[in-house]
Amino acid sequence: VYLHGLVKDPYGKRMSKTKGNVVDPLEAISESGADALRFALVHGTSPGNDQKFRTEKLDDGRNFANKLWNATRFVLGARPATIPADAERRAPDAPRLGPAERWIRSRTAASVAAVEVALAELQLAEVTRSLYDGIWSEYCDWGLELAKVRLADDALAAADREATWWTLVEALDTYLRLLHPVMPFVTEELWQALPHVAADPELLVVADWPAAGPRDATIEAEVGAIIDLVRAIRNARAAAGIAAAAWLPVD
């Protein structure tokens with residue numbers, strides 16, 4: 001049993017039918033989905049404290065689910081032609097991984113460890129924060145973009161491109177398992193579409209919890225520096241009013 005604070009209206013007042021400020025959960029589910037509502041009620045909520053329920057939180061949950069859906073669609077569509085459509089999931093060939101793939105694996109391991117600590121302390125909002133950052137800010141915004149370079153490089157050996165793709169599948173499989181308790185419907189649907197190993201059950205709800213893999217502090221620092229550089233260049237472009245499509249020399 002998990003005891004939480006009151007869910008209040010956007011102005012901090014108790015919901016009441018007489019006041020007309022009640023949020024009907026069935027209407028919220030009809031509009032944005034059950035997973036979005038679950039995420040909205042957990043994300044950013046301190047244990048025991050009352051929370052103000054805003055439609056923006058519901059929109060954030062829906063957008064997060066859409067982001068995950070689109071990421072999965074991209075990964076499935078980016079499967080190298082050398083990998084059969086019905087191939088059993090396998091671990092990526094470590095010697096063939098580039099810095100970006102090693103970074104993805106390390107940051108995924110960091111997410112597993114962070115979620116396990118938060119769950120043990122019943123910090124459910126910290127669970128959603130860690131997964132939101134790991135899935136959206138790291139895996140989608142950077143991991144997929146960096147992987148696109150190797151996946152599209154025909155000069156690379158097929159085995160190298162396969163290792164990149166299996167890295168994306170491995171990380172996505174892990175994130176879906178971690179997120180399932182919070183957003184069970186979309187994660188179950190997406191997990192069904194991924195390649196599986198023979199030992200996997202039919203349903204994600206009874207699949208094994210992921211184990212935290214090893215971290216690579218060196219590669220995290222190296223790729224992190226590149227990410228910081230790209231962010232700085234983007235900020236400078238925006239501050240100078242330079243069009244996003246314009247090419248600039250960077251020394």
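Residues numbered from 1 in each chain as written. Predicted model: local features only at pLDDT ≥ 70, side-chain atom pairs only at ≥ 80, totals over all residues. Heavy atoms only, no water.

Caption draft 1: The packing of aromatic side chains, seen in detail. Within this structure, the stated rule accounts for 6 aromatic pairs. Joined through ring pairs, the aromatic side chains of Phe39, Phe64, Tyr132 and Trp136 make up one cluster. Over the face of the ring belonging to Phe74 we find Lys148, whose NZ or CZ atom lies 5.1 Å from the ring centre. (Phe/Tyr/Trp six-rings, centres within 6.5 Å; stacked < 30°, edge-to-face > 60°. Lys NZ or Arg CZ within 6 Å of the ring centre and 35° of its normal.)

Caption draft 2: Representation of unusual backbone geometry. Of note, Leu122 is a non-glycine position whose phi angle comes to about 55°, a positive value. Mapped onto the secondary structure, Leu122 falls in the loop between helix H4 (99-120) and helix H5 (124-151). (Helix = DSSP H or I, 4+ residues; strand = E, 2+ residues; numbered from the N terminus.)

Caption draft 3: Highlighting the side chain of Glu188. Structurally, Glu188 is set in helix H7 (residues 184-193). Summary of buried charges: Glu188 has no salt-bridge partner, and the nearest side chain of opposite charge, Arg177, is 10 Å away. Side-chain polar atoms of Glu188 contact the side chain of Gln192, separated by 2.8 Å. A polar atom in the side chain of Glu188 sits 2.7 Å from the backbone nitrogen of Leu204. Apart from the residues within four sequence positions on either side, Glu188 is in contact with His180, Glu202, Leu203, Leu204 and Val205. (Buried < 20%, exposed > 50% of the residue type's maximum accessible area, 1.4 Å probe, protein only. Lys, Arg positive; Asp, Glu negative; His and termini not counted. Salt bridge = Lys/Arg side-chain N within 4 Å of Asp/Glu carboxyl O. Polar contact = N/O pair within 3.5 Å; in protein donor to acceptor, adjacent residues only side chain to side chain. Contact = heavy atoms within 4.5 Å.)

Caption draft 4: Representation of the packing of helix H3 (residues 55-77) against helix H6 (residues 158-179). It is at 10 Å that the axes of H3 and H6 come closest, and there the two elements cross at 150°. With respect to each other, H3 and H6 are oriented roughly antiparallel. For the element pair H3 and H6, the recorded crossing hand is left-handed. Packed against H3, whose contacting residues are Phe64, Leu68, Thr72 and Val75, the element H6 presents Trp165, Leu168, Val169, Leu172, Leu176 and Leu179 at the interface. Looking at the contact of H3 with H6, its residues break down into 9 nonpolar, 1 polar and no charged. (Axes fitted to C-alpha atoms, helices over the stretch in contact; angles between N-to-C directions. Parallel < 35°, antiparallel > 145°, perpendicular 65-115°, else oblique. Left-handed = near helix turned anticlockwise from the far one by under 90°. Nonpolar A, V, L, I, M, F, W, Y, C, P; charged D, E, K, R; others polar.)

Caption draft 5: Up close: H6. Look at H6: 32 Å from first C-alpha to last across 22 residues, which is about the 32 Å you get at 1.5 Å a residue. Where burial is concerned, most of H6 is hidden: 20 out of the 22 residues are buried. (Expected span 1.5 Å × (residues − 1).)

Caption draft 6: Examining a nonpolar patch on the surface more closely. Together, Leu203, Val205 and Val206 give the surface a local cluster of nonpolar side chains, amounting to about 280 Å² of exposed area. Turning to its location among the elements, Leu203 is positioned in the loop between H7 and helix H8 (217-240). (Patch = residues over 30% accessible without salt bridge, like charges linked within 9 Å, V, L, I, M, F, W, Y side chains within 5 Å. Areas by Shrake-Rupley, 256 points an atom, 1.4 Å probe, with all protein chains shown as cover.)

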